[in-house]
Amino acid sequence: MTIHMQHQPFPDDLTRYSEYACLDLITPEEMRRIDHNAQSLGISGLELMESAGTALSLVAQEYHAGIVLILCGSGNNGGDGLVAARHMSREAEVTVLWYDSGHQTRSTRRQLERLSHCDVRSIRFRCREDLLHHLDIFSKADLIVDALLGTGGAGTVREPLKTCIDLANQSQAPVLCADLPSPGIIPDRICAFHRPKVKDSEVYDIGIPILAEIGTGPGDLLLMQERKQNVHKGVGGEILVIGGGPYQGAPWLSGLAALRAGADIVRIVTPHYLPEPDLIHIPTSGDTITQNDLDTIIPLCDRSDVVLCGPGLGPDAHEVILTCSEHVKKGVFDADSLRTPLPHAHESLYTPHTGEFTRITGRDPGLTPYDRAHAVRNSDIPGTVLLKGPVDVISDTKRIRFNQTGTPAMTTGGTGDVLAGVCAALMVHLSAFDAACIGAYATGCAGEMITNTHGYGMTARDLIPAIPQVLFRRTLEGE
Ligand SMILES: NC(=O)C1=CN([C@@H]2O[C@H](COP(=O)(O)OP(=O)(O)OC[C@H]3O[C@@H](n4cnc5c(N)ncnc54)[C@H](O)[C@@H]3O)[C@@H](O)[C@H]2O)[C@H](O)CC1
Ligand SMILES: [K+]
């Protein structure tokens, strides 16, 4: 899979940003996102693996073991073990037992080739019986390194890894685990790379830039569920857009953007009809949305997966939005719905620009991403906030993420409506935080694509067909 390279340097001194990195246990999905983003910042998977394997070998050498057995799976965790073997070949008598599943990862295959030039005994096993021929290796080992399964392990451990783990537990040797313990293995020490995945891990840096973690990037797209080809209608979700009144186009731009970001059905409640055959127009009783429309709107809120309130709405419909929001499961509040008292749904995403943020919090968020992140984190907004700017700041009060994609040409009217529509569609399956991160990243990338062809002549509508090219390019290009 091609990794899209991130270009522009971060417009602030990153040494101040370590407070925004996560130091708690992280999930395999989060580690995959960071890994992928690191590669888009120019550090290859092989380099990351070399760093991981080096760290693992240094910890292994602390045991001063004479005979070391390294158990390697067929994924990249196994690759770490192969790197450690190569780095320890002069320090100990090293034997590698590596699992040939038939679909080793490319990096791990490369590491096996490199190891073949070293004075390390490497023995392939393909089944449980192969292991039973090497029981002596387990009994003689002074140290066993567990590089069988890492963050890619899932479910009950299958043979022959199950037997491998049992034999390791039955040996007298301490077990040093690469990144995290393979399920069922009894660890003596755990050598985690970059961030801890399980408790009681020792964490070793492998040179992953902080921006891979606190910034959005192509790794964020990994969260997108692959849409199964034969899926039934409705898996993309039903979106309701409530807007329009003083402005006609905004709700339609949001609706079209939501469709292009994967929504199946988009209804637009607005006074003004525009001929858009892909969108379902729900007319209102007058020229603006009023309490008289609640009987129409509330049942639609109840049946929609996500409701986007605000595009082109004008200031007079706030009471209607406050009433509707009580019937909203997942809500995106943009533009004119960003007024106090803030509407809130069961799960809310607010997408203010600087002026709207100042209006709802009474505080100017400042200019630097650092200050803007502080302002968002310290605001008492009850949900996830996407504060738009040259660098977007996304926060769900715990996590902070910075999005650098986009161009100055995107200040053209309506791009905020497009972004809000994209976020609404993504929120069908993702949390407000993940939807905002991916929505900001994808809309900005679409803006970069269109700026390349249209320059400052870009319109918000031009962005919309570019959205699926960014969001679904993995599917389009194939893995
Ligand atoms: N750039 C990178 O990706 C880096 C990764 N690091 C290390 O890599 C692992 C994650 O590697 P990954 O290939 O994603 O998965 P695993 O090696 O953990 O395992 C996948 C492998 O195992 C098979 N498998 C999965 N579940 C089971 C099971 N229950 N029973 C048997 N077999 C199973 C699956 O089919 C695959 O073949 C990460 O932890 C790091 O150690 C580097 O550290 C940094 C760079
Ligand atoms: K492991």
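Remember, it's a predicted structure, so these values are computed and weren't measured experimentally.

Basis of the calculations
Residues numbered from 1 in each chain as written. Chains lettered and ligands numbered in written order. Predicted model: local features only at pLDDT ≥ 70, side-chain atom pairs only at ≥ 80, totals over all residues. Heavy atoms only, no water. Pairing = 2+ DSSP bridges. Helix = DSSP H or I, 4+ residues; strand = E, 2+ residues; numbered from the N terminus. Axes fitted to C-alpha atoms, helices over the stretch in contact; angles between N-to-C directions. Contact = heavy atoms within 4.5 Å. UniProt positions renumbered as here; feature names shortened; annotations may be inferred. Near = heavy atom within 4 Å. Polar contact = N/O pair within 3.5 Å; in protein donor to acceptor, adjacent residues only side chain to side chain. Areas by Shrake-Rupley, 256 points an atom, 1.4 Å probe, with all protein chains shown as cover. Parallel < 35°, antiparallel > 145°, perpendicular 65-115°, else oblique. Left-handed = near helix turned anticlockwise from the far one by under 90°. Nonpolar A, V, L, I, M, F, W, Y, C, P; charged D, E, K, R; others polar. Domains from an automatic or database assignment. Buried < 20%, exposed > 50% of the residue type's maximum accessible area, 1.4 Å probe, protein only. Arc of directions from axis to C-beta. Salt bridge = Lys/Arg side-chain N within 4 Å of Asp/Glu carboxyl O.

Right, let's talk about the sheet that holds strand β5 (residues 175-178) for a bit. Strand order in the open sheet formed by 7 strands is β3-β2-β1-β4-β5-β6-β7, and the pairing between neighbours is parallel. On the outer flanks of this sheet lie β3 (121-125) and β7 (202-204), each paired with one strand and no other. Looking at each pair of strands side by side, their axes are set apart by 20 degrees on average, direction ignored. Running at roughly 155 degrees to strand β6 (residues 189-193), helix α2 (residues 45-61) makes contact with β4 (143-147), β5, β6 and β7 of the sheet.

In the numbering used here, UniProt assigns the "binding site: AMP" (unreviewed entry) feature to G416. Discounting residues that sit within four places of it in the chain, G416 has contacts with D334 and K388.

Reading across the sheet, the 9 strands line up as β10-β9-β8-β11-β12-β13-β14-β15-β16 and stay open at both edges, with mixed pairing between neighbours. A single partner strand is all that each edge strand has here, and the edge strands are β10 (280-282) and β16 (400-403). Sheet twist, expressed as the average angle between the axes of neighbouring strands with direction ignored, equals 15 degrees. Summarising the sheet, strand β14 (residues 384-387) and strand β15 (residues 392-395) pair through 3 bridges and their orientation is antiparallel. Bridging across to β15, V385 finds its partner in S395.

Our focus in this paragraph is the site of ligand 1. Around ligand 1, the surrounding shell holds 27 residues, and the nearest of these are D35, D80, G150, A154 and D179. Contact distances for ligand 1 include 2.7 Å between a nitrogen atom and a side-chain N or O atom of D35. A distance of 2.8 Å is found between an oxygen atom of ligand 1 and a side-chain nitrogen or oxygen belonging to N77. Computed on the free molecule, ligand 1 has an accessible area of 860 Å², of which 85% lies beneath the protein chains in the complex. For the shell around ligand 1, the secondary-structure elements that each account for two or more residues are α1 (28-40), α2 and α3 (76-88). Per element, the largest residue contribution to the shell around ligand 1 is 4 residues, and it comes from α2.

Relative orientation of the contacting elements helix α9 (residues 249-260) and helix α14 (residues 415-426) amounts to 40 degrees, with a least axis distance of 7 Å. Judged on the interaxial angle alone, α14 and α9 are oblique. Relative to α14, the crossing made by α9 is right-handed. Here α9 contributes A250, L253, S254, A257 and A258 to the contact with α14, which in turn contributes D417, V418, G421, V422 and A425. For the contact of α9 with α14, the residue count by class is 7 nonpolar, 2 polar and 1 charged.

The next point concerns the domain arrangement of the chain. Parsing the chain into structural domains produces domain 1 (44-207) and domain 2 (232-476). Between the C-alpha centres of domain 1 and domain 2 there is a distance of 47 Å.

In this section: the pairing of strand β13 (residues 347-350). Of the pairings in the sheet, the one linking strand β12 (residues 330-333) to β13 comprises 4 bridges and is parallel in character. Within the sheet, the bridge partner assigned to V332 lies in β13 and is L349. In terms of strand pairing, β13 meets β14 through 2 bridges, oriented parallel. Directly across from Y350, in β14, lies its bridge partner V385.

Take helix α12 (residues 354-361) next. Counting along an α-helix, one turn takes 3.6 residues, and residues three or four places apart therefore face a common direction. Every buried residue belonging to α12 is among E356, F357 and I360, and all of these are buried. Along α12, the residues classed as buried sweep out an arc of 100 degrees about the axis, all on the same side. Of the surrounding elements, those touching the buried residues of α12 are α13 (369-377) and β14. Just downstream of α12 lies G362, where phi reads positive at about 75 degrees.

In this structure the tally under the stated criterion is 21 salt bridges. The residue R189 makes a salt bridge to E202 at a minimum N-O spacing of 2.7 Å. Residue R189 is located in strand β6, and its partner E202 is located in strand β7; the two are separated by 13 residues in the primary sequence. Since its relative accessible area comes to 25%, E202 is described here as partly exposed. For the salt bridge of D336 with R339, the shortest nitrogen-to-oxygen distance reads 3.0 Å. Given a relative accessible area of 15%, D336 falls into the buried group. With relative accessibility at 19%, the residue R339 sits in the buried group. What emerges from the salt-bridge pattern is a single network uniting E30, R33, D220 and R401.

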